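Fold and contact review
One-letter residues, chain by chain:
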Protein chains: 2
Amino acid sequence: MNDSHIFTGNPLDRGERERRDEDWLRAQEKAGTSRFLPFKNLDPLLAGETDPELAWLTADDLDRLGIDATPVFLGRIDGTSHFAVDASGLEGALGVNESHRFEEARAAATILSHPEAAIVAQARAQLDWHLRHGFCSVCGQPTEPLRGGQMRKCPACGASHFPRTDPVVIVVVSDGERCLLGQSRGRLNRLGWYSALAGFMDQGESIEEAVRREVGEEAGIEVGAVRYHSSQPWPFPSSLMIGCHADALTTAINRDDEEMADVRWFDRETVRLALAGQHPELRVPGPIAIAHHLIKAWALGDA
Amino acid sequence: MNDSHIFTGNPLDRGERERRDEDWLRAQEKAGTSRFLPFKNLDPLLAGETDPELAWLTADDLDRLGIDATPVFLGRIDGTSHFAVDASGLEGALGVNESHRFEEARAAATILSHPEAAIVAQARAQLDWHLRHGFCSVCGQPTEPLRGGQMRKCPACGASHFPRTDPVVIVVVSDGERCLLGQSRGRLNRLGWYSALAGFMDQGESIEEAVRREVGEEAGIEVGAVRYHSSQPWPFPSSLMIGCHADALTTAINRDDEEMADVRWFDRETVRLALAGQHPELRVPGPIAIAHHLIKAWALGDA
């Protein structure tokens, strides 16, 4: 379970040692064997209709298409260097292959193999960070990528900037018989959809404290023991979902109306039916999301 | 154990709902009951020689001292608003109280009570982020704090920016009889000091994957099962230490010379003596660091 979430299982060796050598990187960017994955508005290029896969291009392809953004070094598989490259400026089809198309990243994750979905997660998070960090937050001047995109440096003030990963706690709270699920206002609220409570961690708190704060804020429920379950990278844009189970010390819900559309207790049988897609009203997230697996573990008594 | 690390146990209610009201915040910044903790170069103001505590000032104190930086809202205790404020521009002593002095933050954490050390962790991380994010990383223009410092907004391009917390995996790997400890080159390498292996998480990986990658990079050891132990906020400047134990699948060390000065296997008896400060050569981190507790749990057979 712990290692089977979508977006895990990335086969790339990120090349921590190799990427410190800028000359080596420049040579890899030009090498005929290197592979480049274009993204348009953070959506990856896919090939194949019936059995879709990532559409890796060559350095020659990029030249011909006029894609000249600095590529981000993802890492290596069997010695072959892999890069992601922003192609948002491209108009129309790529013309490399008829089956090529940019696929919405979340949809792509559900039709690609696990290892390829994990590559999309890494590449999308890295590209998003570079697209939003062209300038130095310390002094406002333009920054430059280094180490194949693992950092950016400001030539004006010397500040170093590193890609960010935002830890999010996501938790299924139980009172023993029932579990607490909510509808947040921020997301698409189709009738009947409920999920585990979740929120970004604040600065200066532990995972266990963040769980207690979030559940207190969103539902007004006091939480005792917190148990870590598993984690999942979530590249929208760059979160680390830290999945937990927790014990409720109180049961009276007092929800934050501004953030939550609804918060409710659900019994095990109701949740089991919803997981199987057989409940007439309740819908829960599918297996792409760690929430599904947290809810399932609770419903099976493994929480 | 899980909740007892230094920098946890913060008594402040961060006021997620209240801080969205800018008028309320302005009133709290002027209220006579509000308390302000000044920091100089990210070191907090302390009072008292024998029983040191945080030296909270009033809005009047700030006026008199000419401290005019925008305060960061930390939260409330029993309805009283608490703020942190950057006073790095101050010359000389504060003159409020003879025992007042700015204490190096890490040293302060070891002499303050747990709840006050946790407040320092939150305040230091927040102030550091603001000091390094005066400009928009998207467009390079000046940004403005909002929600009491929980975000910054760019008036030029409209981008929202949020404080960052950098997840770090820290792990004690064991082969059953021995545990793997290392000396990193980046830190102060006093002879004989060894600690758990640690590293920043990359984008697009799970906690378990980050543990395996870091141990592979730093020590060349292959890791099987990973078990979460506990977590600790670490405000230098703003990390979340995610503490784990893990099982080694191999034992031959192949360390990264550039990052690690040494990596070695240590047997349980050696580690127990070091934890008690009784080993002639080996030194391990003290209880301020989660590394101490991870090593101790392993030495006691609780890992």
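In what follows, the structure referred to is the one given above.
Quick caveat, the model's predicted, so the values are computed rather than measured.

A word on the pairing of strand β5 (residues 80–86) of chain B
Residue and element names in this part refer to chain B. For β5, the buried fraction is high: six of the seven residues fall into the buried class. In the sheet, strand β4 (residues 72–77) pairs with β5 via five bridges, with the strands oriented antiparallel. Of the residues in β5, the one forming a bridge with Val 72 is Ala 84. Where β4 folds back on β5, the antiparallel hairpin that results is connected by two residues, among which Asp 78 adopts a positive phi of roughly 50°.

Let's talk about the sheet that holds strand β9 (residues 160–161) of chain B
Taken in spatial order, the three strands make up an open sheet running β7-β8-β9 (chain B), and their pairing is antiparallel. The open sheet is flanked by β7 (144–146) and β9 of chain B, the only strands paired with a single partner.

A word on the packing of helix α6 (residues 268–275) of chain B against helix α7 (residues 290–299) of chain B
Residue and element names in this part refer to chain B. Closest axis-to-axis distance for the α6/α7 pair is 10 Å, and the angle between their directions is 135°. The orientation of α6 relative to α7 falls into the category oblique. Once α6 is placed against α7, the crossing between them reads as left-handed. Across the interface between the two elements, Arg 268, Val 271, Arg 272 and Leu 275 of α6 pack against His 292, Ile 295, Lys 296, Trp 298 and Ala 299 of α7. Looking at the contact of α6 with α7 residue by residue, the class counts come to five nonpolar, one polar and three charged.

A few points about the state of the cysteines
Per the stated rule, a full pass over the model turns up zero disulfides over all chains. As a non-bridged cysteine, Cys 154 of chain A has Cys 139 of chain A as the owner of its nearest cysteine sulfur, 3.6 Å distant. Residue Cys 154 of chain A is classed as buried on the basis of its relative accessible area of 1%. Cys 179 of chain B carries a free sulfur, and the closest cysteine sulfur to it, the one in Cys 244 of chain B, is 15 Å from it. Residue Cys 179 of chain B is classed as buried on the basis of its relative accessible area, which comes to 0%.

Notes on the packing of aromatic side chains
Throughout the structure, instances matching the rule amount to 15 aromatic pairs over all chains. Judged by centre distance (5.6 Å) and plane angle (75°), the rings of Phe 7 of chain B and Trp 234 of chain B are edge-to-face. Taken together, the positions of Phe 7 of chain B in the segment before α1 (22–30) and Trp 234 of chain B in strand β13 (residues 223–234) put the pair 227 residues apart, joining distant regions of the chain. When sorted by exposure, Phe 7 of chain B lands in the same class as Trp 234 of chain B, which is buried. On the basis of an interplanar angle of 70° and a centroid distance of 5.0 Å, the ring pair of Tyr 194 of chain B and Phe 266 of chain B is categorised as edge-to-face. Pair noted here: Tyr 194 of chain B is in the loop between β11 (178–184) and β12 (197–200) and Phe 266 of chain B is in strand β15 (residues 260–267), with a separation of 72 residues, a long-range link. For the pair Tyr 194 of chain B and Phe 266 of chain B, one class covers both residues: buried. Connected via pairs of aromatic rings, a cluster forms that spans Trp 24, Phe 36, Phe 73 and Phe 83 of chain A. The ring of Trp 298 of chain A is capped by Arg 268 of chain A, whose NZ or CZ atom sits 4.3 Å from the centre of that ring.

Quick notes on the rules
Throughout, residues of each chain are indexed from 1 in the direction in which the sequence is written. As a convention, the first chain written is A and the first ligand written is 1, with the rest following in written order. Restriction of local features to residues with pLDDT of at least 70 applies here, the model being predicted, together with a cutoff of 80 or more for giving and counting side-chain atom pairs; totals for whole chains, interfaces and linings are based on all residues. Hydrogens and waters are ignored; side-chain quantities use all the structure's heavy atoms. Each residue gets one of three labels from its accessible area relative to the maximum for its type: buried under 20%, exposed over 50%, partly exposed in between, using a 1.4 Å probe on protein chains only. Under the scheme used here, helices are H or I runs from DSSP no shorter than 4 residues and strands are E runs no shorter than 2 residues, and both carry numbers assigned from the N terminus. Strands are treated as partners if at least two bridges between them are detected by DSSP. For helices, the fitted axis covers only the stretch in contact; all axes are lines through C-alpha atoms, and the angles between them, taken along N-to-C directions, range from 0 to 180 degrees. Our angle categories are set so that under 35 degrees counts as roughly parallel, over 145 as roughly antiparallel, 65 to 115 as roughly perpendicular, and the remainder as oblique. Handedness of each helix crossing follows the sense of rotation of the near helix against the far helix: counterclockwise by less than a right angle gives left-handed, clockwise gives right-handed. Whether two residues are in contact is decided by their heavy atoms, any of which lying within 4.5 Å being enough. Amino acid classes used here: Ala, Val, Leu, Ile, Met, Phe, Trp, Tyr, Cys and Pro are nonpolar; Asp, Glu, Lys and Arg are charged; the rest, including Gly, are polar. Pairs of cysteine sulfur atoms within 2.5 Å are identified as disulfides in what follows. Only centres within 6.5 Å qualify two rings of Phe, Tyr or Trp (six-membered ring in Trp) as a pair; their planes then separate them into stacked at under 30 degrees, edge-to-face at over 60, and tilted for everything else. The criterion is that NZ of a Lys, or CZ of an Arg, lies within 6 Å of the ring centre and within 35 degrees of the ring normal, and then a charge sits over that ring.

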